[in-house]
Amino acid sequence: MANTRETPPIVLAFSASDPSGGAGLQADILTLSSMGCHPLSVVTAITVQDTLGVEDVMAMEAEWVADQARCVLEDMPVGVFKVGLIGSVENVAAIAEVVADYPDIPLILDPVLASGRGDELAGDDILTALLEMLIPQTTLLTPNSMEARRIAQLDDDDGDAEPDLAECARRIIEMGCEFVLITGTHENTPQVVNTLYGESGVLRSDSWQRLPGSYHGSGCTLASAIAASIAQGLDIPEAVKEAQEFTWQALKAGFHPGMGQYIPDRLFWAHEEKDATGT
Ligand SMILES: Nc1ncnc2c1ncn2[C@@H]1O[C@H](COP(=O)(O)OP(=O)(O)O)[C@@H](O)[C@H]1O
Ligand SMILES: Cc1ncc(COP(=O)(O)O)c(N)n1
């Protein structure tokens with residue numbers, strides 16, 4: 001008898017491999033699968049990293065990035081694009097050209113500029129390319145507060161006052177993306193406050209209990225969880241809420257397999273069910 005299972009929503013992730021299994025394409029595959037989507041993975045780069053930090057990045061040739069994407073796009077109906085670490089200016093151009101041919105597919109862009117430890121993952125050349133070619137095609141950008149200041153070019157203000165994140169969001173939206181979710185993990189606040197902005201200003205702001213420790217791949221998990229929620233039919237504010245909840249639960253269930261950061265457990269619900277039933 002033929003298998004009649006309905007095809008799950010499909011998300012195409014452009015991201016780089018992380019051999020530690022915590023971030024990048026491994027985080028995307030785990031998150032998207034855990035949230036009921038089928039992940040397509042277009043490899044943009046290979047990294048040498050562990051839970052302590054990133055040692056090296058080798059970008060894939062841009063033609064290979066475009067070919068991987070076009071091949072699967074011609075075969076399967078993609079619901080959402082998610083972009084993480086890109087690796088080179090040429091790869092930004094290749095991705096921008098591919099997604100321009102699919103203007104109806106929402107694009108979630110996680111601007112991976114630095115690792116949790118602060119290793120630079122995108123230089124100013126890649127940032128400029130993002131601003132020119134990809135941010136204008138982005139539905140939702142998910143910077144942390146440091147990335148937001150760098151993208152908005154408000155990080156080197158010589159005034160005393162901390163640049164206002166709302167002003168960063170306003171500038172980023174002026175650059176052409178529709179929505180910005182700025183995460184507040186790196187702010188000196190008792191709770192983590194994440195704020196979603198649209199053209200009209202703040203659309204929602206959510207506070208989360210600050211968990212102890214630092215988590216490898218938390219940003220990748222959040223962006224993929226948003227992509228999955230949109231692919232499942234939620235609108236942007238609802239998808240952002242659902243994805244933050246998923247990410248917080250995954251972080252709370254995180255484990256410490258090595259010498260550095262914790263790794264989120266993106267299959268926390270399956271492990272909870274297993275614990276509850278004792279199977
Ligand atoms: N220590 C923490 N406690 C609670 N939530 C956290 C913590 N670290 C990260 N998060 C959550 O994980 C998500 C992604 O975090 P973020 O800091 O943006 O990641 P990155 O800096 O890796 O891009 C956000 O929703 C944020 O609220
Ligand atoms: C391949 C790859 N992609 C992304 C990140 C950022 O991870 P985080 O979500 O912790 O900022 C990373 N360290 N490695």
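Read on for an overview of the structure. (Residues numbered from 1 in each chain as written. Chains lettered and ligands numbered in written order. Predicted model: local features only at pLDDT ≥ 70, side-chain atom pairs only at ≥ 80, totals over all residues. Heavy atoms only, no water.)

Concerning the site of ligand 2
Using the following cut-off: Think of it this way: one heavy atom of a residue within 4 Å of a molecule or strand is enough to make that residue near it. Residues adjacent in sequence count toward polar contacts only when both atoms are side-chain atoms; beyond that, a polar contact is any pair of N or O atoms within 3.5 Å, and within protein one must be able to donate a hydrogen and the other to accept it. Per the convention used, a helix needs a DSSP run of H or I reaching at least four residues, while a strand needs a run of E reaching at least two, with both numbered from the N terminus.
With respect to spatial proximity, 13 residues lie near ligand 2, and among them Ala16, Gln49, Gly217, Gly219 and Cys220 are the closest. Here an oxygen atom of ligand 2 sits 3.1 Å away from a polar atom, N or O, in the main chain of Gly219. Looking at the shell around ligand 2, the elements that each hand over two or more residues are strand S1 (10-17), strand S2 (38-49) and helix H7 (218-231). The leading source of residues in the shell around ligand 2 is H7, at three residues.

Some words on the sheet that holds strand S6 (residues 140-141)
Stated formally: Any two strands between which DSSP finds at least two bridges are classified as paired.
If you walk across this open sheet you meet the nine strands as S3-S2-S1-S4-S5-S6-S7-S8-S9, and the pairing is mixed. Looking along the sheet, the strands with just one partner apiece sit at the ends: strand S3 (54-59) and strand S9 (201-209). One ladder, built from three bridges, connects strand S4 (residues 80-83) with strand S5 (residues 107-109); its direction is parallel. Note that in S5 the partner of Lys82 across the bridge is Ile108.

Things to note about a negative patch on the surface
As a reminder of what qualifies: Excluding any residue in a salt bridge, patches collect residues exceeding 30% relative accessible area, merging like charges within 9 Å and nonpolar Val, Leu, Ile, Met, Phe, Trp and Tyr side chains within 5 Å. Only the protein chains shown count as cover for residues, and the accessible areas themselves come from Shrake-Rupley with a 1.4 Å probe. Between Lys or Arg on one side and Asp or Glu on the other, a salt bridge is scored when a side-chain nitrogen of the former is within 4 Å of a carboxyl oxygen of the latter. Here Asp and Glu are counted as negative and Lys and Arg as positive; His is not counted, and neither are the chain ends. Taken as the charge location is NZ of Lys, CZ of Arg, CG of Asp or CD of Glu.
Together, Asp235, Glu238, Glu242 and Glu245 make up a negatively charged patch on the protein surface. Position of Glu245 relative to the elements: it lies in helix H8 (residues 236-252).

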